[in-house]
Amino acid sequence: MPLRLPPLSSLRFFEAAGRHLSFKLAAAELNVTPSAVSHGIVGLERALGVELFVREPRKLSLTAEGADYLPYVAEALSLIAIGTQRLPHHRGRRAITVSCAPTFASRWLLPRLHRFGERWPTIGVTVDTSRRQVGFPVDGFDFAIRMSRAAAPGADWTRLFGERLVPVCSPHWRERLAGEGLDLRRAALIHVIPASEDWQAWLERTGTEGVDLGGGLRVDTIQMGFEAAAAGLGIALGRRPLVDQDLAAGTLVEAGLPEIEAETAYWLVGAEGAERRPDLLGFRRWLLGEVEASRPDTAAPGRRAARGLKNG
């Protein structure tokens, strides 16, 4: 007698909710309502005869049975996704999907994408800048570009480039600071909340003491931090190469403080075995070529001007 399997949709709901420990986040990821996720998981629990989640007013956690079941479901969904991708002449994927931070997308990736389109005119690219974890290949993403100190297990990681952290402000702010004498203890600092390295890291690495990090403006994207600094709201930590176009345009200037090398770097992350698809292999090679061409120490002067951040 063949084994009866639970509905695939319920298993998708369970895998996403178990990964996020949130019906709301699972619903946003799968583009359904939280109620649909909740009802689907209740149906799955009834079919299995076990409870998979402990539901508390403001907390969702896996039961022992749910925690044991989750890796099996996640691996099964991954195998289905990989098998589907490897089918010859598979038409289900219309675009290469890339997850990355919004500032990286707008300042580094998007200005260069036209060159990928010129080389691969029949392949579309979808760029997702939402802040969510990416599970390969279950979530439907081909690549993610992430900030990290080192590669993590479970996927294929390739280092792209690091950042240099340099305090920046508007030209007017620098004139004012120069007149008053630069003292970070009296300066308004602009903090980027999600950044893995921000003012705390800069202060520690430069040995600067006596600066109160409790005040200042707080924003939730690097882009907004740059814009706030350009608007004269304080000093932000510029992140090279992302801030280079602002420095070249003169909307931001260096504040006259030390520049440091960040400990984190940008990494290209993909599912293992992605090189079996020619389009993904082509995108990977193109991206690494763009990284190499953008390095100041490797690009020829003419090529560097044509391929620089300012001109895309």
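Rules and cut-offs
- Residues numbered from 1 in each chain as written.
- Predicted model: local features only at pLDDT ≥ 70, side-chain atom pairs only at ≥ 80, totals over all residues.
- Heavy atoms only, no water.
- Helix = DSSP H or I, 4+ residues; strand = E, 2+ residues; numbered from the N terminus.
- Buried < 20%, exposed > 50% of the residue type's maximum accessible area, 1.4 Å probe, protein only.
- Contact = heavy atoms within 4.5 Å.
- Areas by Shrake-Rupley, 256 points an atom, 1.4 Å probe, with all protein chains shown as cover.
- Core = buried A, V, L, I, M, F, W, Y, C linked by side-chain atoms within 4.5 Å.
- Pairing = 2+ DSSP bridges.
- pLDDT = per-residue confidence, 0-100.

## Description of the overall build of the chain
At step 1: What the chain contains, in helices and strands, is 12 helices and 11 strands.
At step 2: When each of the 312 residues of the chain is scored for burial, the buried share is 45%.
At step 3: Across the chain, every contact between residues at least 6 apart in sequence was considered, and the portion connecting residues at least 24 apart equals 74%.
At step 4: Of the accessible surface of the chain, which amounts to about 16,700 Å², a share of 54% is contributed by carbon and sulfur atoms.

## As for the nonpolar core
At step 1: Grouped together as the largest cluster of nonpolar side chains are 35 residues, with contacts concentrated most on Phe 104, Leu 109, Ile 145, Phe 283 and Leu 287.
At step 2: For this core, the element with the most residues is helix 11 (residues 278-294), which contributes five residues.
At step 3: With residues up to four places along the chain from it excluded, the contact list for Ile 145 reads Val 98, Ser 99, Cys 100, Ala 101, Phe 104, Leu 160, Tyr 266, Trp 267, Leu 268 and Leu 287.
At step 4: Membership of the second largest hydrophobic core comes to 19 residues, among which are Cys 169, Ala 187, Val 253 and Ala 262.

## What about the pairing of strand 11 (residues 260-270)?
At step 1: Counting buried positions along strand 11 yields nine of 11 residues, so the element is predominantly enclosed.
At step 2: The pairing of strand 5 (residues 143-148) with strand 11 spans six bridges and is classified as antiparallel. Its bridge partner being in strand 11, Ser 148 is matched across the sheet by Ala 265.

## Looking at unusual backbone geometry
At step 1: Look at the link from Arg 240 to Pro 241: it is a cis peptide, with omega at 15°.
At step 2: Inspection of the secondary structure assignment puts Pro 241 in the loop between strand 9 (236-240) and helix 10 (244-249).
At step 3: Of note, the phi angle at Leu 21 is positive, near 55°, even though the residue is not glycine.
At step 4: Along the polypeptide, Leu 21 turns up in the loop between helix 1 (8-20) and helix 2 (23-30).
At step 5: Leu 21 sits in the partly exposed class, given a relative accessible area of 39%.

## Notes on the confidence of the model for the chain
At step 1: Taken over all residues, the pLDDT of the chain has a mean of 85, while the share at 70 or more is 85%.
At step 2: Here helix 12 (residues 301-307) stands out as the element of the chain with the lowest mean pLDDT, 35, in contrast to helix 9 (residues 222-230), whose mean of 95 is the highest.
At step 3: In this model, residues 298-312 is a region of pLDDT below 50 whose contacts with residues beyond four sequence positions or in other chains number 26 contacts.

## Points about the pairing of strand 1 (residues 53-56)
The side chains of a regular strand alternate, residue by residue, between the two faces of the sheet.
At step 1: In the sheet, strand 1 pairs with strand 2 (residues 59-62) via four bridges, with the strands oriented antiparallel. Residue pairing in the sheet places Arg 55 in a bridge with Leu 60 of strand 2.

## Things to note about the environment of Ser 10
At step 1: With respect to the helices, strands and loops of the structure, Ser 10 is situated in helix 1.
At step 2: Since its relative accessible area comes to 9%, Ser 10 is described here as buried.
At step 3: Sequence spacing of Ser 10 and Ser 38 is 28 residues, and the spatial spacing of their C-alpha atoms is 9.6 Å.
At step 4: When neighbours within four sequence positions are excluded, Ser 10 is seen to be in contact with Gly 40 and Leu 44.

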